Amino acid sequence: MTTETKVRTLTMAQAISEAVAQEMERDQRVFVMGEDVGKYGGIFSATTGLLDKFGPDRIMDTPISETGFMGAAIGAAAEGLRPISELMFVDFFGVCFDQIYNHLAKNTYMSGGNTKYPVVITTGIGGGYNDAAQHSQCLYGIFAHVPGLKVVVPSNAYDAKGLMTAAIRDDNPVVFMYHKGIMGLSWMSYYEGSTNAVPLEPYTIPFGEAKVVREGRDLTIVTLSQMVQKAVLAADKLAAEGIDVEIIDLRTLVPLDREAVLRSVAKTGRLLVADEDYLSFGLSGEIAAIVAEHLDRVKLKAPIRRLAVPDVPIPFSRPLEDFAIPQVDGIAAAVRDLMQLNLN
Amino acid sequence: MDPTSEQLLWMYEKMVEIREYEETMAKVYLEGKLPPKIQKGLAFDIGGGPVPGEMHLAAGQEPVAVGVCAHLRTEDSVVGAHRPHHFAIAKNVDLNAMTAEMFGKATGLGRGKGGHMHLFDPAVKFSCSGIVGASAPQACGAALAAKKLGKDWVAIGFFGEGAANQGAFHEALNLASLWKLPVIFVCEDNKYGISVEKQDSTSIESNADRAAGYGMPGVLVETNDAVAVFRAAGEAVARARRGEGPTLIEVKTDRYLGHFQGDPETYRPKGEAQELRTHDPIPALGALLRSRDLLDDTSDASLRKAVSERIEAAYAFGRNSPYPEPSEALLHVFAD
Ligand SMILES: Cc1ncc(C[n+]2csc(CCOP(=O)(O)OP(=O)(O)O)c2C)c(N)n1
């Protein structure tokens, strides 16, 4: 007998809160704490409806005391609970980073594997709506840089549910970062490709498996998060011009699916990394380095190109922000340029 | 210490200016956000219109800003929070440039780089931050500088009752007291930190009581009244200028609007905001002025007209100024 799979269209925010609710039902040790996760349902709606279902003992509004509650998540996890700890914007992590990068990330290692910290930290990333430099960063590169943290950055509702379920079941700390511009909020423009079909039943998507969002033969775009949706729009334009782009959605940065990158670039011979984080010392450099380290396997037809925020804080004013954050047209232009270049 | 007639009039005019500024912003901010763009499910586009991004307005909280700033000189520093306009206006920040900044224009305080939560006017020593709790330690630094330079300047750190649960706030209080800094910490208790009520975030009733833990005076101002704030701040500023160290003041004030514009306010009891408006501090101060023959219908009308003209001019300046060139995004990462 086959079980009927019910599939609906959900926004990424709905998919995330559904995953959290299902895991809370399944496992009494799971609870949520954070700023405005209760009555408000999360500023970006990642916990909408949960307070009504589970009550204030399991959906806990915290004071604006990030060091306090992020540290508390570590302590509670050490005792066997499984906290999900939300801090609205990734930009705010500076106030509590010590608890995260010196403790949450390292305690398992320093205890020789004798302790575990199944904490999921959730936070909103990204710009595109003019909220300026303290509210628009991505910063996933910073978290991925520190050993001991898994880093998940979904681009759509289906992936977000599966990855969130996997994150909650994971015995390690997971930083789960959702771009505000693809949550499907009623008060923010978004990319509709991120709202898609999601099964009702719980399911997991394993970490470290990138997805080929679009197959193509001419050039690979490696990207993630909202930039996936932008890359798809760019690829549609380019297809009309006869350029066939392959798009790789990394989905998780730690663990990183290096093979998927190499496989695709080996096929197309051209790589563009499209990233909403800062250019230098980050994701785009990492992907470029992986390919450079495997030039014995991968034959490049053109130099590697990176499109990212050009090492400036995200500006407020619309023309400035549009300039700083890579856009659909910019991706398309970079692809066209790359198609003109030849290494031999 | 009671305000002079001149100070009373100044506070009244500034409160009228702040209120009208915020009410105008509430309207301007809506432009281009409604009706929705052609996108499924979009009801309110926070990134749309001439003033995009978040917008935190302070209507109702004017007494805190004017009661404190009435004691300040240009050399005194003010560090505000994410809800900064009332402090900025009371500290005489350039109104045109401040407004242009919110429109993202090249003529703005930050040439369009900062926007509403990040206003910097070094000419009057004003700054603010979108990071909750950041103001208190930075005010300590300004006060430390005054002390090192041998000046009788003071510094004010303004923040909300939500921010008083940040580690940074507690560290700042200890530093200020330890180093006997001329700093005044001013906490606006508007009852909510976004949706979380004070009673659900704060283990004691009044933050003023926390001052004792750091060896400094703590003062609770129980009414949202400019004169009451003026008195408390006057003493604190005088103490600081005499080199007697910091003070923590908490003011019970009211936030009439949502946490940010567009906030559905589902956490707030229905009708609460309207009820709060029945204790509006602006007509209350107006009535006091009238009872002392400092204000009548004619002078009130001409004062309001002058305020309106200033505000209209500021919004027109903001709206009509040019945008920066896109590539200016690359400038100013470092000081030249
Ligand atoms: C470090 C940090 N954490 C969280 C936030 C998100 N946030 C912005 S305003 C706010 C509430 C602040 O409340 P309060 O200090 O009482 O000031 P009010 O908004 O009431 O003026 C929160 C949680 C932030 N900006 N910075």
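The structure we're discussing is the one just above.
This one's a predicted model, so the numbers in the text were calculated from it and none came from an experiment.

Peer 1: What is the right way to read the overall build of chain A from this model?
Peer 2: When helices and strands are counted, chain A shows 12 helices and 14 strands. Relative to a compact globule of 344 residues, whose C-alpha radius of gyration would be 20 Å, chain A shows 20 Å and is just as compact. In terms of overall dimensions, chain A has C-alpha extents of about 65 × 55 × 45 Å along its principal axes. The 344 residues of chain A split such that 61% are buried. Here the contacts in chain A between residues at least 6 apart in sequence split such that 82% fall between residues at least 24 apart. For chain A, the accessible area works out to roughly 12,800 Å², and carbon and sulfur atoms hold 53% of it.

Peer 1: Even after reading the chapter, I still don't get the pattern of salt bridges, so can you show me in this structure?
Peer 2: Two side chains with opposite charge may pair up if their charged atoms get near one another. Residues and elements named next belong to chain A. For the coordinates displayed, the defined rule picks out 39 salt bridges over all chains. Here Lys116 makes a salt bridge to Asp171, at a shortest N to O gap of 3.3 Å. Residue Lys116 is found in the loop between helix H5 (107-110) and strand S5 (120-125), and its partner Asp171 is found in the loop between helix H7 (157-169) and strand S7 (174-179); the two are separated by 55 residues along the sequence. Overall, Lys116 belongs to the partly exposed group, its relative accessible area being 48%. Residues Arg214 and Asp244 are paired through a salt bridge, measuring 3.8 Å at the closest nitrogen-oxygen approach. Here Arg214, found in strand S9 (residues 211-214), pairs with Asp244, found in the loop between helix H8 (226-240) and strand S11 (245-249); they are 30 residues apart in sequence, far enough to count as distant. For Arg214, a relative accessible area of 19% gives the class buried. Each of Arg214, Arg217, Asp218, Asp236 and Asp244 takes part in one network of salt bridges that share partners.

Peer 1: Please clarify how the site of the ligand should be interpreted in this entry.
Peer 2: In the vicinity of the ligand, 21 residues are found, and the nearest of them are Glu66(A), His82(B), Arg83(B), Gly130(B) and Gly162(B). In this structure, the ligand is bordered by residues of chains A and B. At a separation of 2.8 Å, an oxygen atom of the ligand approaches a polar side-chain atom of Arg83(B). Between the ligand and Val132(B) there is a distance of 3.0 Å, counted from a nitrogen atom to a backbone nitrogen or oxygen. Look at the ligand: alone it shows 580 Å² of surface, and the protein chains cover 97% of it. Taken atom by atom, the bulk of the ligand overlaps the largest cavity. Tallied by class, the residues present in the shell around the ligand amount to nine nonpolar, eight polar and four charged.

Peer 1: Just to check I follow, could you spell out the interface of chain A and chain B for this structure?
Peer 2: By a widely used convention, the size of an interface equals the accessible area lost when the partners come together. The interface of chain A with chain B comprises 39 residues on the first partner and 54 residues on the second. Interface area, chain A with chain B, both sides summed: about 3,600 Å², of which 60% is carbon and sulfur. Considering only the surface of chain A that becomes buried against chain B, Tyr40(A), Ile64(A) and Phe316(A) emerge as the three largest contributors, covering 18% of it. If you look at where chain A meets chain B, you find zero salt bridges. Our count for the chain A to chain B interface comes out at 17 residue pairs in polar contact (both at pLDDT 80 or more). Going through the elements one at a time, strand S4 (82-89) and helix H11 (318-324) of chain A are the ones with two or more residues in the side of chain A that touches chain B. If one sorts the elements of the side of chain A that touches chain B by residue count, H11(A) sits on top with four residues.

Cut-offs applied
Starting afresh in each chain, residues are numbered from 1 along the sequence in its written order. Lettering of chains starts at A and numbering of ligands starts at 1, both following the order in which they are written. Reporting of local features is limited, given that this is a predicted model, to residues whose pLDDT is at least 70; pairs of side-chain atoms are given and counted only at 80 or more, and all residues count toward the totals for whole chains, interfaces and linings. Hydrogens and water molecules were not included; the side-chain quantities draw on all heavy atoms of the structure. Strands here mean DSSP runs of E at least two residues long; helices mean DSSP runs of H or I at least four residues long; both are numbered from the N terminus. Here the globule rule reads 2.2 Å times residues to the power 0.38, and the radius of gyration is calculated from C-alpha atoms. To sort residues, take the accessible area from a 1.4 Å probe on protein chains only and compare it with the maximum for the residue type: under 20% means buried, over 50% means exposed, and anything in between is partly exposed. By definition in these notes, contact holds between two residues if any of their heavy atoms fall within 4.5 Å. For the accessible areas, the method is Shrake-Rupley and the probe is 1.4 Å, while residue cover comes only from the protein chains on display. Throughout this description, the term salt bridge denotes a Lys or Arg side-chain nitrogen within 4 Å of a carboxyl oxygen of Asp or Glu. To be near a molecule or strand, a residue needs just one of its heavy atoms within 4 Å of it. Here a polar contact means two N or O atoms within 3.5 Å. Within protein one must be a hydrogen donor candidate and the other an acceptor candidate, and residues neighboring in sequence count only if both atoms are side-chain atoms. Computed over the protein atoms alone on a 1 Å grid, cavities are sets of points where a 1.4 Å probe fits but cannot get out and pockets are open sets with protein on both sides within 12 Å along at least five of seven lines; a residue lines them when it has an atom within 4 Å of a point. Assignment of a molecule to a cavity or pocket requires that more than half of its atoms lie within 2 Å of the corresponding grid points. Throughout this entry, Asp, Glu, Lys and Arg are counted as charged residues, while Ala, Val, Leu, Ile, Met, Phe, Trp, Tyr, Cys and Pro are counted as nonpolar. The remaining residues, Gly among them, count as polar. Summed over both partners, the accessible surface that disappears when two parts come together, traced with a 1.4 Å probe, is what is meant by buried area.

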